[in-house]
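Breakdown of the fold
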Amino acid sequence: MLTDTPGIHHITGIVRDAAENVRFYRDVLGLRLVKQTVNFTDRFTRHLFYGDETGSPGTALTFFPYPAEEDGRVGKPQITTAALVIPPDSVDYWRDRLADHDLDVTETGRFEETVLQFADPDGTELELVTGESDVAPWADGPVPTEHAIRGIHGVTLLSTSIFATASLLETMGFELIAQDGDRVRYRAPGDRATVVDLLDRAAEFGREGAGSIHHVAVRVPDEDQLYEWHDLLRERGYDVSRVKDRHFFHSLYVREPGGILFELATEGPGLAAEADPATLGESLFLPPWLEEDREMIEDQLPPLDPGSGPGAD
Ligand code: ZN
């Protein structure tokens, strides 16, 4: 039987420079680079995964660096913002840390949360939001564990049809829980990465490019349920992809009528499966079907320096 999604699995964005992406998410935000691989359908493009110790569902941010990509522009229909959880007592630490790295930070509040707003080097809109989470952060990162990011808080969406987007969220198990001005909050029933905010406001159309968030994935416990979701969403008239093997998980994609691209992804086998936890993310991972082309792929990929590690701070 189908169960509600407990929350977000991962968030994926588009950026330009892979090395700069690593410097920012690993060395400034203190997330672990848990996997460096390639886009399985475009093998000369990198795919970088960050998260907690193992990149567990609800902590994973992933990026496709396209060196020639033009700047994106936030607008409808898009995922405008990715938000990450910090402990309530860590606001001062993070305000100072971000300022030390020359980031423009705006502090605001909503729903009794403190929110630090800033952008990554490609212009991706990010937030650090105070809150609770069951995530244990990466213990060997450059940020002291007491202040470290506790996975994903949620995403903010600008839909072309808030009712259509809300309808898919409700189908997947999110519930409307609050409204603050033009921000309508939906929450999934899990212990982490549960928030989706819909902005009910006028906005220009956006453009996908560097600094855009491409899609948000929600968690599905296993492959059987993923096929059930596939059939249910198709019956309800959604534009659903077939189930795809992403090696670390199986997934399907839904472009809902409000224009937002959602993915449904299984929790297993996970980013740390078949890997040594101590050296996770340190070398280029290729799935078996690309392994024979490793030399050619490594030659063509833009440079990355994953070796410098934490302490670069
Ligand atoms: Zn994805």
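A brief look at the structure comes next. Since this is a predicted model, take the numbers as computed values, not measurements.

Turning our attention to the overall build of the chain. Of the regular secondary structure elements, the chain holds six helices and 17 strands. Its C-alpha atoms give the chain a radius of gyration of 18 Å, near enough to 20 Å, the size a compact globule of 313 residues would have. Along the longest, intermediate and shortest principal axes, the C-alpha atoms of the chain span 45 × 45 × 35 Å. Relative to its 313 residues, the chain shows a buried fraction of 57%. Residue pairs in contact within the chain that sit at least 24 positions apart in sequence constitute 69% of those at least 6 positions apart. Accessible area for the chain stands at about 13,400 Å²; split by element, carbon and sulfur atoms hold 45% of it. Of the side chains in the chain, 27 bear a positive and 58 a negative charge, and the two mean positions are spaced by 3 Å.

For the rest of this paragraph, the subject is the coordination of the zinc ion. Here the zinc ion is held by His10 (NE2), His215 (NE2) and Glu263 (OE), and the distances to it run 2.0 to 2.1 Å. Within one chain, the residues donating to the zinc ion are spaced in sequence as H-x204-H-x47-E. With histidine 215 in strand E13 (residues 213–220) and glutamate 263 in strand E17 (residues 261–269), this residue pair connects regions lying 48 residues apart in the sequence. One exposure class covers both histidine 215 and glutamate 263, and it is buried.

The subject of this paragraph is unusual backbone geometry. Put simply, lysine 76 and proline 77 share a cis peptide bond, and its omega is -15 degrees. Mapped onto the secondary structure, proline 77 falls in the loop between strand E4 (60–65) and strand E5 (78–86). Cis rather than trans, the peptide bond between glycine 268 and proline 269 has omega equal to -5 degrees. For proline 269, the location among the structural elements is in strand E17. Not every positive phi belongs to a glycine, and glutamate 112 is a case in point at roughly 60 degrees. Relative to the assigned elements, glutamate 112 resides in the loop between strand E6 (106–110) and strand E7 (113–119). Its identity as a non-glycine residue notwithstanding, alanine 193 has a phi of 50 degrees, on the positive side. Structurally, the position occupied by alanine 193 is in the loop between strand E11 (183–187) and strand E12 (195–199).

Considering all chains together, one arrives at 10 aromatic pairs under this definition. Ring geometry for phenylalanine 49 against phenylalanine 248: centres 5.7 Å apart, planes inclined by 75 degrees, an arrangement best described as edge-to-face. Placement of the pair is phenylalanine 49 in strand E3 (residues 42–51) and phenylalanine 248 in the loop between strand E15 (244–245) and strand E16 (249–255), with a sequence separation of 199 residues. The same class applies to phenylalanine 49 and to phenylalanine 248, which are both buried. For lysine 35, the ring lying beneath its charged end belongs to phenylalanine 285, and the centroid distance is 4.8 Å.

A word on the nonpolar core. Counting residues in each nonpolar core, the largest one holds 62 residues, and the members touching the most others are Leu29 and Leu264. Counting 17 residues, the second-largest nonpolar core is a separate cluster that includes Ala60, Leu271, Phe285 and Leu301.

Every α-helix carries 3.6 residues per turn, so stepping three or four residues along brings you back to the same face. Given a rise of 1.5 Å per residue, 13 residues ought to cover 18 Å, and the 18 Å separating the end C-alpha atoms of helix H4 (residues 223–235) matches this to within 8%. Regarding H4, the residues found buried are Gln225, Leu226, Trp229, His230, Leu232 and Leu233. On its buried side, H4 packs onto helix H3 (162–172), E13, strand E14 (239–240), E16 and E17. N-capping of H4 is provided by aspartate 222, with a side-chain oxygen placed 3.2 Å from the backbone N of aspartate 224.

Attention now moves to the side chain of histidine 250. Considering the arrangement of structural elements, one finds histidine 250 in strand E16. Of the residues examined, histidine 250 reaches a relative accessible area of 19% and is grouped as buried. Those residues within four positions of histidine 250 in sequence are excluded, and the remaining contacts are Glu223, Leu226, Val243, Lys244, Asp245, Leu264, Ala265, Thr266 and Gly268.

Calculation rules
Residues numbered from 1 in each chain as written. Predicted model: local features only at pLDDT ≥ 70, side-chain atom pairs only at ≥ 80, totals over all residues. Heavy atoms only, no water. Helix = DSSP H or I, 4+ residues; strand = E, 2+ residues; numbered from the N terminus. Rg over C-alpha atoms; globule rule 2.2 N^0.38 Å. Buried < 20%, exposed > 50% of the residue type's maximum accessible area, 1.4 Å probe, protein only. Contact = heavy atoms within 4.5 Å. Areas by Shrake-Rupley, 256 points an atom, 1.4 Å probe, with all protein chains shown as cover. Lys, Arg positive; Asp, Glu negative; His and termini not counted. Charge placed at Lys NZ, Arg CZ, Asp CG, Glu CD. Donors = N, O, S within 2.8 Å, 3.2 Å for Na, K, Ca; no water. Phe/Tyr/Trp six-rings, centres within 6.5 Å; stacked < 30°, edge-to-face > 60°. Lys NZ or Arg CZ within 6 Å of the ring centre and 35° of its normal. Core = buried A, V, L, I, M, F, W, Y, C linked by side-chain atoms within 4.5 Å. Expected span 1.5 Å × (residues − 1). Polar contact = N/O pair within 3.5 Å; in protein donor to acceptor, adjacent residues only side chain to side chain.

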